[in-house]
Amino acid sequence: MSFPFFQYDFLQNAFLTGIMIGLLAPVLGVFIVVRRQSLIADALSHITLAGIAANLMLGRNVGFFSGLNPLYMGMVFSVGGAVGIEQLRKVYKHYEELAIPIIMSAGIGLSVIFISLANGFNTDLFNYLFGSVLAVKESDVWTIFFILLLVFAFVLFLYKELFVLSFDEEQAAVSGIRGKWIQFLFIVMVALVIASSMKIVGILLVSSLMTLPVAASIRLANGFKQTFVLSVIFGETAVILGLILSYYLDFAPGGTIVMISVIILLLSLLWKKLRSRRKIAINQ
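- Per an unreviewed UniProt entry, the recorded name for the chain is Metal ABC transporter permease, and the organism is Fictibacillus marinisediminis.
- Its UniProt record, at the heading Sequence similarities (unreviewed entry), says of the chain: "Belongs to the ABC-3 integral membrane protein family."

## Focus on helix α7 (residues 138-157)
Consideration 1: Along its 20 residues, α7 runs 29 Å from first to last C-alpha, staying within 8% of the 28 Å computed at 1.5 Å per residue.
Consideration 2: All buried positions along α7 are accounted for by D140, V141, T143, I144, I147, L148, V151, F154 and V155. The buried residues of α7 all sit within an arc of 160° when viewed along its axis, so they share a single face. Looking at α7, the residues exposed on the side facing more than 90 degrees away from the buried face are E138, W142, F146, L156 and F157.

## A few points about the packing of α7 against helix α8 (residues 159-167)
Consideration 1: Close contact between α7 and α8 brings their axes to 4 Å; oriented N to C, the two are set at 75°. Classified by the angle between their axes, α7 and α8 sit roughly perpendicular to one another. Contact residues: F154, V155, L156 and F157 in α7; Y159, E161 and L162 in α8.

## As for the environment of Q12
Consideration 1: Along the chain, Q12 falls in helix α1 (residues 9-34).
Consideration 2: Distance from Q12 to V141, taken between C-alpha atoms, is 9.6 Å for residues 129 residues apart in sequence.

Conventions and cut-offs
One numbering rule holds for all chains: residues counted from 1, following each sequence as written. In keeping with the model being predicted, local features are shown solely for residues with a pLDDT of at least 70 and side-chain atom pairs are shown and tallied solely at 80 or more, while totals for entire chains, interfaces and linings include all residues. As a rule here, side-chain values cover all heavy atoms of the structure and leave hydrogens and water aside. UniProt positions are given in the numbering used here, feature names are shortened, and annotations may be inferred rather than shown by experiment. A run of DSSP states H or I qualifies as a helix once it reaches four residues; a run of E qualifies as a strand once it reaches two. Both are numbered from the N-terminal end. Working rule for helices: expected span equals 1.5 Å times residues minus one. Only protein chains enter the area calculation, which uses a 1.4 Å probe; residues under 20% of their type maximum are buried, those over 50% are exposed, and those in between are partly exposed. As used here, the arc is the angular range of directions from the helix axis to the C-beta atoms. Angles run from 0 to 180 degrees between N-to-C directions of axes, and those axes are lines fitted to C-alpha atoms, restricted for helices to the stretch in contact. Angle categories: roughly parallel below 35 degrees, roughly antiparallel above 145, roughly perpendicular from 65 to 115, and oblique for all the rest. Here a residue-residue contact requires only that any non-hydrogen atoms of the pair lie within 4.5 Å.

This is the structure we're talking about:
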């Protein structure tokens, strides 16, 4: 019996999209976690939700928006939220962390307003919140593929700068690195990945895919590059297993992917604890 993901077009789209997201989210997630900015993903996911809700609301009232992919409106709001975070960080120089809850609160408020104007929840909005393999279209696959190329070009060309900025911003400034522009481009990349991931993982769960694989890899890795590799392995494992299990068990793919990520994290913590005990026993 052949694998079902290669039999149906919508499952192929979901599988290809999931593989790309499983690669993208942990790669950017490593830099996010190292910078201690994990909540940025949550803030941008909420502002992305506002964009999706706005698209659905306009789709009911404006003919043009009824045929527009909500993914694009979500990206516009997500990038706008990223720009907003950077601007607020400049305003609150000594309280930069305030930028994240401000944008998150704005995203929640706008989402509630737009959802109410769109006459409440519907199936489409529910799919964007928690993920659905049925919602992924071929156009989404190509959009995420373009974002994949964009993000990898950004990381490859600016890897050294991103590395220095992640660990020591003062040293980066002394070295002549244009930290503000790189930080701005980085958060825009994060915004695009979050918006593009929502159909598989769901808007409210996408931040988990950016942080949980990284959290697991940090416990096992011996260096920064190894953290990258393990994060991608864990991310891909969670996505692939999550999609397969959600198909056979009829679970929501987003929740399944996140719970597998949680299990991987727990296993990494257990493995680290067992290794520590073994070393202590050997030394004794």
